[in-house]
Amino acid sequence: QKMPPSLPATINIREPRWDQSTFQGRAKHFFMVTDPRNLLLSGATLEEARRVVEDYRAGTVQPGLTEDQLWRAKYIYDSAFHPDTGEKMILVGRMSAQVPMNMTITGCMLTFYRSTPAVLFWQWVNQSFNAIVNYTNRSGDAPITPSQLGTAYVSATTGAVVTALGLKSLTKHLPAIIGRYVPFAAVAAANCINIPLMRQRELKVGIPVTDENGNRLGESTAAAQKAIFQVVVSRIGMAVPAMAIPPVIMNMLEKRAFLKRYPYLNAPLQVGLVGL
């Protein structure tokens, strides 16, 4: 039996597999990056993917390795290891945890928005999760100190809770649908506080700038400002579909006899809608 031809060592696995100038290419890439099944992979599978990727980057091609296997290893490696430091990331902070974690937390924020203790609890849970994600995905060149992490966490949680409770009292006499958007306003406010504070060192010292060949040219504070602004806007934008559409649907469903008869289905329905 003939051995398959050896894989060339010229495939650029530092870049995504698909063309990022097309929507289809970006969609395929991010479905791979956020695939929740990667959370179930064993430590041995993760280490094997690391070995394949690091060997290939060093110019060593394992015998019999196919291009599909190489890209699979690259995406497994990217799902679990920090791109700058190479350290294994906290499980719930990984991109593959974004869908299950966010759908659960957001669904519960949208469900339990009427009582003050529930607002306090779910806003705290959400900001705790955000702090873990921000810490896990921090820049390797600008590590976050414990005091910076604590300041950002406390400030964002306070901002979210104050916004949520303030708007909750203001919307008390307005139509019910308005009150359902309070969690979204709280999340937006917290993002505006949390991300700049979490990445304040990058604002001071800059982030690495490279040329088209990946050669490091230096650090740029202007690039850091642009990057952090884009992260804030995109985090708020990412929350829009999941936090703006389910309230409309749930507002209609709660008027039906079905949900009045089975109110305990409210939370699972909201979580499912957010996930969708």
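Note that the structure is a prediction, hence the values are computed from the model and not measured.

Mind laying out the overall build of the protein chain, listing which residues take part and the relevant values?
Broken down by element type, the protein chain carries twelve helices and two strands. Counted from the first residue to the last, the protein chain has its helices and strands arranged as α-α-α-α-α-α-α-α-α-β-β-α-α-α. Referenced to the eigenvectors of the C-alpha coordinate spread, the extents of the protein chain come out at roughly 70 × 50 × 35 Å. Within the protein chain, buried positions represent 37% of all 276 residues. Taking the contacts inside the protein chain whose residues are at least 6 apart along the sequence as the reference set, 68% of them involve residues at least 24 apart. Roughly 15,300 Å² of accessible area belongs to the protein chain as shown, and the carbon and sulfur atoms make up 63% of that amount. Computed over 28 positive and 18 negative side-chain charges, the inter-centroid distance for the protein chain is 14 Å.

Just give me the short version of the pairing of strand β2 (residues 216-220), but keep the residues and values in it.
Looking at chain direction, strand β1 (residues 207-210) and β2 are connected through four bridges and run antiparallel. Note on β2: the bridge partner recorded for V209 is G218. Between the antiparallel neighbours β1 and β2 lie five residues, among them G214 with a positive phi of about 85°.

A description of the pattern of salt bridges should follow, citing residues and the corresponding values.
In total, this model carries nine salt bridges according to the counting rule given. Taking the shortest distance from any N to any O, the salt bridge between D68 and R17 comes out at 2.6 Å. One end of the pair, D68, is in helix α3 (residues 67-80); the other, R17, is in the segment before α1 (23-33), with 51 residues separating them in the sequence. Classification of R17 by relative accessible area gives partly exposed; the value is 32%. With a shortest N-O distance of 3.2 Å, R50 and E47 are connected by a salt bridge. Placement of the pair is R50 and E47 together in helix α2 (residues 43-57), with a separation of three residues, close to one helical turn.

An account of the packing of helix α5 (residues 116-136) against helix α6 (residues 146-170) is needed here, citing residue identities and associated values.
Two numbers describe how α5 lies on α6: the axes approach to 9 Å, and their chain directions differ by 150°. The handedness of the crossing between α5 and α6 comes out as right-handed. Within the contact between the two elements, α5 uses T116, V119, L120, Q123, W124, Q127, S128, A131 and Y135 and α6 uses L149, Y153, A156, T157, A160, V161, A164, L165 and K168. Across the contact of α5 with α6, the residue classes tally to twelve nonpolar, five polar and one charged.

Quick rundown of the confidence of the model for the protein chain? Include the residues and the values.
Within the protein chain, residue pLDDT values average 86, and 96% of them lie at 70 or more. Confidence, read as mean pLDDT per element, is least for helix α11 (residues 257-261) in the protein chain (80) and greatest for α1 (92).

I'd love a proper account of the domain arrangement of the protein chain, names of residues and values included.
Segmenting the protein chain into domains produces domain 1 (23-88) and domain 2 (95-275). The interface of domain 1 with domain 2 comprises eleven residues on the first partner and eleven residues on the second. Each partner contributes to the roughly 750 Å² buried at the junction of domain 1 and domain 2, and carbon and sulfur atoms together form 57% of this total. When the buried surface of domain 1 facing domain 2 is broken down by residue, T34, L39 and H82 rank first, second and third, together holding 46% of it. On inspection of domain 1 and its partner domain 2, the count reaches zero salt bridges.

Give a detailed account of the side chain of R94, specifying residues and quantitative values.
Summarising the element assignment, R94 is placed in the loop between α3 and α4 (98-111). An unpaired buried charge is present at R94: no salt bridge exists, and E47, the closest side chain of opposite charge, is 8.8 Å distant.

Help me get a handle on the packing of α2 against α3, residues and values and all.
Following both chains from N to C, one finds α2 and α3 inclined at 115°, their axes separated by 8 Å at the closest point. Accordingly, the angle class assigned to the pair α2 and α3 is roughly perpendicular. For the pair α2 and α3, the sense of crossing is left-handed. When α2 is examined against α3, the residues T45, L46, A49, R50, V52, V53, E54, Y56 and R57 are found in contact with a partner set consisting of L70, A73, K74, I76, Y77 and A80. Of the residues in the contact of α2 with α3, the class split is ten nonpolar, one polar and four charged.

Account for the nonpolar core, naming residues and giving values.
Note that soluble globular proteins tend to have their nonpolar side chains buried in a common cluster. In this structure, L7, I11, I13, Y56 and L70 are the most contacted members of the largest nonpolar core, which totals 18 residues. Put simply, the parts of the chain that give this core at least two residues each are α2 and α3. The element best represented in this core is α3, accounting for seven residues. Not counting residues up to four positions away in its chain, the partners in contact with L7 are Y56, V61, L65, T66, E67 and L70. Counting residues in hydrophobic clusters, the runner-up holds 13 residues, among them W122, V125, A242 and V274.

Conventions we followed
- Position numbers for residues count from 1 along each chain, tracking the sequence in the order it is written.
- Whole-chain, interface and lining totals are the exception, using all residues; otherwise, since this is a predicted model, local features are given only for residues with pLDDT of at least 70 and side-chain atom pairs are given and counted only at 80 or more.
- The side-chain numbers reported here are obtained from all heavy atoms of the structure, hydrogens and water having been left aside.
- The helix count covers DSSP runs of H or I at least four residues long, the strand count covers runs of E at least two residues long, and both are numbered beginning at the N terminus.
- Under the scheme applied here, a residue whose accessible area is under 20% of the maximum for its type counts as buried, over 50% as exposed, and between as partly exposed, the area being computed with a 1.4 Å probe on protein chains only.
- Two residues form a contact once any of their heavy atoms are found within 4.5 Å.
- Per-residue accessibility takes into account occlusion by the displayed protein chains alone, with areas from the Shrake-Rupley method and a 1.4 Å probe.
- When charges are counted, Lys and Arg are positive and Asp and Glu negative, with His and the chain ends excluded.
- Charge positions are represented by NZ for Lys, CZ for Arg, CG for Asp and CD for Glu.
- Pairing between strands requires that DSSP locate at least two bridges from one strand to the other.
- Any Lys or Arg side-chain nitrogen found within 4 Å of a carboxyl oxygen on Asp or Glu counts as a salt bridge.
- Under this scheme, a helix contributes an axis fitted over its contacting stretch, all axes are lines through C-alpha atoms, and angles between N-to-C directions fall in the 0 to 180 degree range.
- Helix crossings get a hand from a simple test, with the near helix turned counterclockwise from the far one by less than a right angle marking a left-handed crossing and a clockwise turn marking a right-handed one.
- Under the convention adopted here, Pro, Cys and the residues Ala, Val, Leu, Ile, Met, Phe, Trp and Tyr are nonpolar, Asp, Glu, Lys and Arg are charged, and Gly plus all remaining residues are polar.
- pLDDT expresses how confident the predictor is about each individual residue, on a scale running from 0 to 100.
- All domain edges in this entry derive from an automatic or database-based domain assignment.
- When two parts are put together, the accessible area they lose, computed with a 1.4 Å probe and summed over both, is reported as buried area.
- An angle below 35 degrees is read as roughly parallel, one above 145 as roughly antiparallel, one from 65 to 115 as roughly perpendicular, and any other as oblique.
- We define a nonpolar core as any set of buried Ala, Val, Leu, Ile, Met, Phe, Trp, Tyr and Cys residues linked to one another through side-chain atoms lying within 4.5 Å.

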